[in-house]
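Observations on chain architecture
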Amino acid sequence: LGSLAGNIYPLLAYPLNACNGFLVAILIQSAQGASSLPLTFVIVGGGPTGVEAAADTHDLIFDVLEDDYPNVDFGSVRVVLLNAGDNILKGLDAPLVHAATRRLASQRIEVINDAKVEEVRPDAVVISDGRTIPTRTTIWAAGIEPPPLVGNLDVQKDHRGRILIDQYLRVKGRPGVYAVGDCTSLQYDGSPVPALAQAAEQEGQRAASNLAAEIENKAPVPFRYRSVGQLVDLGEGSALVDILGVNLSGQLGAYVWKVVYLYELGYDLNRAHVLADWTIDLFTRPDTSKLFEDPNQPRVRT
Ligand SMILES: Cc1cc2nc3c(=O)[nH]c(=O)nc-3n(C[C@H](O)[C@H](O)[C@H](O)COP(=O)(O)OP(=O)(O)OC[C@H]3O[C@@H](n4cnc5c(N)ncnc54)[C@H](O)[C@@H]3O)c2cc1C
């Protein structure tokens, strides 16, 4: 049990690992007869990913697991979202941020702003102001770093190790080489390019057409990022939607979120699959049978 407890989970290994952490905490608690061990789940990062993780963690614990563990004191369960900025969901319009803040508060999710995480220990998270939150499960949603392959490339990079590219998406100092997506840093006079799928897709299309233009001796076209909006899932029956300046939240947001999600899946077979899953979910509870560590999941640091 000890080796499973006290892990930091990268978000890709989520949510089953949160489930693991919860079960492990409960097992240790009952095995040692100690009721004071923290049933606290800390999510680091107040962006869309962290907010979604916090809301989903809440739903998993209180809508699913609570029924399974009648002997556990669910009143002592804490879900804490630590955010380095002065507000969550930076970049979204204020009404949507307020809607999200209200929703998280109604779910008893503790949002702590201006909280820069200094250290993650097996049994606690330390904030830069000296506060310590006892926890055995920390979920990291505060940013990404390029993979080792990019780290080993002999090309110019920014301070975060991302490949520097010019406005045509060409790797700086490497004629004929293009790079796109999360592992790149575009320095140009247009809107900042976030680490999002929509940005990676737009860059991919532009890089492909510029590469074709280069082969045909035509002029390349500079890249311009256009945000088509943001969707943030806030758990059961609630989502934030910001599409082309239209803001929605709550249940209506959740309906639009589902429609956009289905549309973006791209293939009818995938859509049918997801639609069937959602329909089944209306009548069943999530499968919590897989509760133990999968060695093939992304590596976990302790
Ligand atoms: C939890 C989470 C939620 C997100 N939600 C959203 C969202 O709602 N909307 C949104 O727009 N974006 C979202 N994102 C961000 C989005 O997933 C990324 O911005 C997008 O996937 C970036 O695309 P990419 O092609 O640059 O990188 P990736 O999608 O990460 O693709 C990189 C690929 O390269 C492969 N690879 C790595 N190293 C090697 C190697 N050495 N050899 C061969 N292949 C290799 C990887 O296996 C991977 O398939 C989310 C991200 C996370 C983690």
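Our subject in this report is the structure included herewith. Counting of residues starts from 1 at the beginning of each chain's written sequence and follows it residue by residue. Whole-chain, interface and lining totals are the exception, using all residues; otherwise, since this is a predicted model, local features are given only for residues with pLDDT of at least 70 and side-chain atom pairs are given and counted only at 80 or more. To get the side-chain values, all heavy atoms of the structure are used, and hydrogens and water are removed first.

Think of it this way: a Phe, Tyr or Trp ring, Trp meaning its six-membered ring, pairs with another when their centres are within 6.5 Å, and the plane angle makes it stacked under 30 degrees, edge-to-face over 60, tilted otherwise. Under the criterion given, the structure shown has five aromatic pairs. Where tryptophan 257 meets tyrosine 261, the ring centres are 5.0 Å apart and the plane angle is 20°; that geometry is what we call stacked. On the criterion of helical spacing, the pair formed by tryptophan 257 and tyrosine 261 is a turn pair, its members being four residues apart in helix α6 (residues 250-264). Put simply, the rings of Trp257, Tyr261 and Trp278 pair up and form one aromatic cluster. For the purposes of this entry, the term helix denotes a DSSP run of H or I that reaches at least four residues, the term strand denotes a run of E that reaches at least two, and both are numbered from the N terminus.

To continue, consider the side chain of threonine 184. Within the secondary structure, threonine 184 is located in strand β10 (residues 184-186). Residue exposure (1.4 Å probe, protein chains only): buried if accessible area is under 20% of the type maximum, exposed if over 50%, otherwise partly exposed. The exposure class assigned to threonine 184 is buried, which follows from its relative accessible area of 6%. A polar contact of 2.7 Å, which involves the side chain of threonine 184, links it to the backbone oxygen of glycine 181. Only heavy atoms matter for contacts: two residues are in contact if any of them lie within 4.5 Å across the pair. Leave out the neighbours within four places in its chain, and threonine 184 touches Arg162, Ile163, Ile165, Ala179 and Glu203. Here a polar contact is recorded for every N or O atom pair within 3.5 Å, except that within protein the pair must consist of a potential hydrogen donor and a potential acceptor, and residues adjacent in sequence are included only if both atoms are side-chain atoms.

Bringing the site of the ligand into the picture now. Note on definitions. A residue lies near a molecule or strand when any single heavy atom of the residue is within 4 Å of it. Surrounding the ligand, one finds 11 residues, the nearest of these being Gly181, Asp182, Ala195, Leu196 and Ala197. Between the ligand and the protein, one listed contact pairs an oxygen atom with a backbone N or O atom of aspartate 182 at 2.9 Å. Interatomic distance of 2.9 Å between a backbone N/O atom of alanine 197 and an oxygen atom of the ligand. The accessible surface values rely on the Shrake-Rupley method and a 1.4 Å probe; as for residues, cover is taken only from the protein chains in view. The fraction of the free accessible surface of the ligand (990 Å²) that becomes covered by protein chains is 38%. Each residue belonging to the shell around the ligand can be placed in one class, and the counts come to seven nonpolar, three polar and one charged. A domain split of the shell around the ligand shows at least three residues from each of domain 1 (4-145) and domain 2 (148-215). The residue classification treats Ala, Val, Leu, Ile, Met, Phe, Trp, Tyr, Cys and Pro as nonpolar and Asp, Glu, Lys and Arg as charged. All others, Gly included, are polar. For every domain, the bounds stem from an assignment made automatically or drawn from a database.

For the rest of this paragraph, the subject is the environment of isoleucine 243. Structurally, isoleucine 243 is set in strand β12 (residues 239-243). The spatial distance from the C-alpha of isoleucine 243 to the C-alpha of glutamine 230 is 6.4 Å, given a sequence separation of 13 residues. Once residues lying within four places of it in the same chain are set aside, the contact partners of isoleucine 243 are Val228, Gly229, Leu231 and Val260.

On to the sheet that holds strand β13 (residues 246-248). Only strands joined by at least two bridges in the DSSP assignment are considered to pair. If you walk across this open sheet you meet the three strands as β11-β12-β13, and the pairing is antiparallel. Edge positions in the open sheet fall to β11 (230-233) and β13, since each of these has one partner strand only. Across this sheet, the average inter-strand angle for adjacent strands is 5°, counted without regard to direction. As paired strands, β11 and β12 are joined by four bridges and run antiparallel to one another. Bridge pairing in β12 places valine 232 opposite leucine 240. All axes here are fitted lines through C-alpha atoms, helices being fitted over the stretch that makes contact, and every angle between N-to-C directions spans 0 to 180 degrees. Those strands touched by helix α3 (residues 94-106) are β12 and β13, and its axis lies near 170° from that of β12. Contacting β11, β12 and β13, α6 crosses the sheet at an angle of about 65° to β12.

Our next topic: the pattern of salt bridges. Just to be clear on terms, a salt bridge is a Lys or Arg side-chain nitrogen sitting within 4 Å of an Asp or Glu carboxyl oxygen. Counted by the stated rule, this structure contains nine salt bridges. With a closest N to O distance of 2.9 Å, aspartate 158 and arginine 162 form a salt bridge. A residue is classified by how much of its surface remains accessible, and aspartate 158, at 12% relative accessible area, is buried. Of the charged contacts in the structure, one is a salt bridge between glutamate 216 and lysine 218, with a shortest N-O distance of 3.1 Å. For lysine 218, a relative accessible area of 53% translates into the label exposed.

Turning our eyes to something else, we now look at the sheet that holds strand β7 (residues 132-134). If you trace the three strands from one edge of the open sheet to the other, you get β5-β6-β7, paired in antiparallel fashion. Across the chains shown, the open sheet's two edge strands, defined by having one partner strand only, are β5 (117-121) and β7. This sheet shows a mean twist of 15° between the axes of neighbouring strands, independent of strand direction.

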